[in-house]
Amino acid sequence: MASISFVLLVLSITFAVGRAQAKQSNPITMGSSIFPTTHPTSWLSPANLFAFGFYQQGSGFSVGIWLVGMDNKTVVWTANRDDPPVTSKAKLEFTKDGKLLLITEQGQKQLINSSTTNSVSHAAMLDSGNFVLYNEDSKFIWQSFDNPTDTILGGQTLFTGGQLLSSSSESDHSTGRYHLVMQDDGNLVSYPANSGDAVSDAYWSTDTYSGNGFNIHLYLNASGSLILVNESNLETVHSIYPLPYSSSTSSINLNNNNNNTIYRATLDAVGIFRLYSHTYDESGNDRVSPLWTALESPCKVPGFCGFNSYCTQDDEQSYCRCLPGHDFVDPNRRTLGCERHFSEAGCRGGKENAVSYNMNTMDNMMWGNIPYFAASMSMEECSSSCLEDCNCGAALFKNNYCQRQQFPLGYVRRDIKDGYTALLKMGLHSIKPLPPVVSNTVVITSKIAKLQIVLLTSGFTILSCLALATFGRFILKIRVLNYKRMLRNGNLGLPEELTLRLFTKNIDVNASAAEEIVLSSWAYKCFAARDLYKLVIGEEVDMMSLEKMVKVGLWCIQEEPALRPSMKNVVLMLEEPGAPTTLNRRRFFSSNPTRRRRSLAYYLPIGCALISTPTRRRFISSRTTRRRFFSSILNRRRHPQSSGELAGMYSIQVGIKSSAFR
């Protein structure tokens, strides 16, 4: 009954204030909307003290409630605080069925108020900082006061089991690293958010324990008194502010409220619970005054500085610094802690392990880790024992008492009054940190930019192909012209001795008949009639060699390729004295006189050209050179017919000119 009576008392007071303010303000009707950058951007309270709507957070916008001031906005409540900020194209709509919907640019809908069973009539932003939804009887059915984030305002209660969650920073109102819990045992306690609410991790409390089972609530009244109230008898159990406790604040006083002053109690981003007052002047400017703080310094908040760093104060400002042998994980966010920059030697134990480390000493230090070893000894013994212990990373020493501790070290701070002497083990070999990797990757998301890149790439590719084609055609024309020029000049780029030339050769032939002009037929007839001397009139030759040469030549130019000798046999016949050189007259002459004349006469001028100079005569006169000549013919010519014809031509010419060679 007592619990119900307290709740009814608080609710009746809220109803009375809410109904009075609702009568004084214009209600927010269903179907209304607000926008981040387009008017209206918020719904104001009657006296323009509070606003509900969009506020700037980073590069986007969040939905919340803030104190209206000329200089800045003090955010006291945030809806769906861990959702990412929305863009300027979002919209907050108070729908016709009584829902507060945040509609993102992509069309996603996020519910601000929890579902209600009663029908909603209208909404209002009150001067108390409470945003409420009313039914048709002007009774609220949902209020922001029931869902606090990091702040309670004057007239607001934090019930048993409730908690305040700090923000990540002053500008980022997402959930931070600390929370304040109104416990079931009646104690108001602050913990790091990731500690599991262990007793050893609590860093502040009211030390108010209710052994009789009554619920205790935290209440900030409209006059600025921050108190713990017993639900059963509505009495003040503990006065947090003001102190010392006086009879003037022994009960909840709702009538002593200055309309120009707003009170708020906030668990700030560094984990300290503080009480402030905001006093407004006639021009609308507010003057902020700190009234009370749970802790004097953030250095007393565990985890304010991360692992392997310690908190220290300078001119009443708190700073995080790294322990010796460590560097900041992120120099721009020094509360994240530090990492080791020396190499750790393998555990060898005893004095062998000590040669890889030395000990650094720091005075007036404390940390929250539980030691794995503690014993009485001198400072020198404490230092050497940690140095030789593979598990020891640091030790605290005070009053001849040594406590050894492993890394990483947490909750480290410098305490001038109650500090210990810290002995820190540091490796002798430093690890140089790698320079940060700078990514030059550019991600392009614009469709227009992508289209431009495709067009530019395609155009460049087409132009390159055209340029290559034009260049290739130009080079081809140049080479054709050069080839034609070489043909005219009789030079194909070969050495002078091997260059084929276009020419006509005049041979003095004493012929009594026209058929003697056809060399192949005439040579064969002279051979058959034993009149070879007619081929070399006016020259002294060895008739046996001449006969042999002519035989080989005639054999090599037979009409049927299969009857022609191989190059190997030609060489043997020319060089061996007893080699057979039989020749079939019937097979030599073709029935086609044109082909018959061409067999040797077509190739004879080429052979003459090859042996026309003294250099070529010497070239083919030796035995070794003749072999190379025939081999080159075989390598250069693909068809045996051509090779045979050339060999035949060569043999006849050698035979005819043999006397000149000698």
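Structure report, in brief. None of these values were measured; they are calculated from a predicted model.

Definitions and limits used
Residues numbered from 1 in each chain as written. Predicted model: local features only at pLDDT ≥ 70, side-chain atom pairs only at ≥ 80, totals over all residues. Heavy atoms only, no water. Pairing = 2+ DSSP bridges. Helix = DSSP H or I, 4+ residues; strand = E, 2+ residues; numbered from the N terminus. Axes fitted to C-alpha atoms, helices over the stretch in contact; angles between N-to-C directions. Salt bridge = Lys/Arg side-chain N within 4 Å of Asp/Glu carboxyl O. Buried < 20%, exposed > 50% of the residue type's maximum accessible area, 1.4 Å probe, protein only. Contact = heavy atoms within 4.5 Å. Expected span 1.5 Å × (residues − 1). Patch = residues over 30% accessible without salt bridge, like charges linked within 9 Å, V, L, I, M, F, W, Y side chains within 5 Å. Areas by Shrake-Rupley, 256 points an atom, 1.4 Å probe, with all protein chains shown as cover. Phe/Tyr/Trp six-rings, centres within 6.5 Å; stacked < 30°, edge-to-face > 60°. Lys NZ or Arg CZ within 6 Å of the ring centre and 35° of its normal. Disulfide = S-S within 2.5 Å.

Here we come to the sheet that holds strand β12 (residues 151–153). If you trace the four strands from one edge of the open sheet to the other, you get β12-β21-β22-β23, paired in antiparallel fashion. The sheet terminates laterally at β12 and β23 (286–293), the two strands that pair on one side only. On average, each strand axis in the sheet is inclined to that of its neighbour by 25°, with strand direction left out of account.

Now for the pattern of salt bridges. In total, this model carries six salt bridges according to the counting rule given. Here Arg274 makes a salt bridge to Asp268, at a shortest N to O gap of 2.5 Å. Asp268 matches Arg274 in its accessibility class, with the two residues each being buried. Here Asp389 and Arg404 are joined by a salt bridge, their closest N and O atoms 3.3 Å apart. Here Arg404 lies in strand β31 (residues 401–405) and Asp389 lies in the loop between α3 (379–388) and β30 (394–398), a separation of 15 residues in the sequence. Each of the two residues, Asp389 as well as Arg404, counts as buried. Shared partners join several salt bridges into a network, and the residues in it are Arg530, Glu547 and Lys551.

This part is about the environment of Lys398. The residue Lys398 is located in strand β30 in this model. For Lys398, a relative accessible area of 29% translates into the label partly exposed. As a C-alpha pair, Lys398 and Thr421 span 23 residues in sequence and 6.4 Å in three-dimensional space. Apart from the residues lying within four places of it in its own chain, the contact partners of Lys398 are Asp418, Gly419 and Tyr420.

Compared with the 20 Å implied by 1.5 Å per residue over 14 residues, the 20 Å span of helix α6 (residues 543–556) between its first and last C-alpha is a close match. All buried positions along α6 are accounted for by Leu546, Met549, Val550, Val552, Gly553, Leu554, Trp555 and Cys556.

It is worth spelling out the pairing of strand β22 (residues 273–280) at this point. Burial runs high along β22: seven of the eight residues are buried. For strand β21 (residues 261–267) and β22, the ladder comprises seven bridges, and the chain directions are antiparallel. Within β22, the residue paired with Arg264 across the bridge is Tyr276. Where β21 folds back on β22, the antiparallel hairpin that results is connected by five residues, among which Gly271 adopts a positive phi of roughly 95°.

Moving on to a nonpolar patch on the surface. A contiguous nonpolar surface patch, about 320 Å² in accessible area, is contributed by Ile462, Leu463 and Leu466. Topologically, Ile462 is positioned in helix α4 (residues 447–489).

If you trace the backbone, Ser88 turns up in the loop between β5 (74–78) and β6 (91–94). A relative accessible area of 38% places Ser88 in the partly exposed class. Taking the C-alpha atoms as reference points, Ser88 and Thr37, 51 residues apart in sequence, are found 6.2 Å from one another. Contacts of Ser88, omitting those with residues within four sequence positions, involve Pro36, Thr37 and Phe61.

Working definition: an aromatic ring pair is given by the centre-to-centre distance plus the angle between the planes. Within this structure, the stated rule accounts for 11 aromatic pairs. Judged by centre distance (6.4 Å) and plane angle (45°), the rings of Tyr524 and Phe527 are tilted. Taken together, the residues span about one helical turn, with Tyr524 and Phe527 both in helix α5 (residues 519–528) at a distance of three residues. Using a relative accessible area of 15% as the deciding quantity, one classes Phe527 as buried. Taking NZ or CZ as reference, Arg340 lies 5.4 Å from the ring centre of Phe342, over its face. When the ring centre of Phe373 is taken as origin, the NZ or CZ atom of Arg404, which lies over that ring, is 3.8 Å away.

Once that is clear, we can look at the state of the cysteines. Within this structure, the stated rule accounts for five disulfides. Residue pairing for Cys305: its cysteine sulfur links by disulfide to Cys320, the two sulfurs lying 1.9 Å apart. Since a negative S-S torsion denotes a left-handed disulfide, the Cys305-Cys320 link at about -90° is left-handed. One end of the pair, Cys305, is in the loop between β23 and β24 (309–314); the other, Cys320, is in strand β25 (residues 317–322), with 15 residues separating them in the sequence. Each member of the pair, Cys305 as well as Cys320, is classed as buried.

As summarised here, the arrangement of the eight strands in space is β25-β24-β32-β28-β33-β30-β31-β29, forming an open sheet in which the pairing is mixed. Here the strands that pair on one side only, and so sit at the sheet edges, are β25 and β29 (373–376). Geometrically, the sheet is characterised by an average inter-axis angle of 30° between neighbouring strands, direction not taken into account. Of the strand pairs in this sheet, β30 and β31 are connected by five bridges, and their pairing is antiparallel. Within β31, the position partnered with Lys398 by the bridge is Tyr401. Taken strand by strand, α3 contacts β28 (357–366), β30, β31 and β33 (420–427), and its axis lies near 30° from that of β33.

This is a description of form; function is not addressed.
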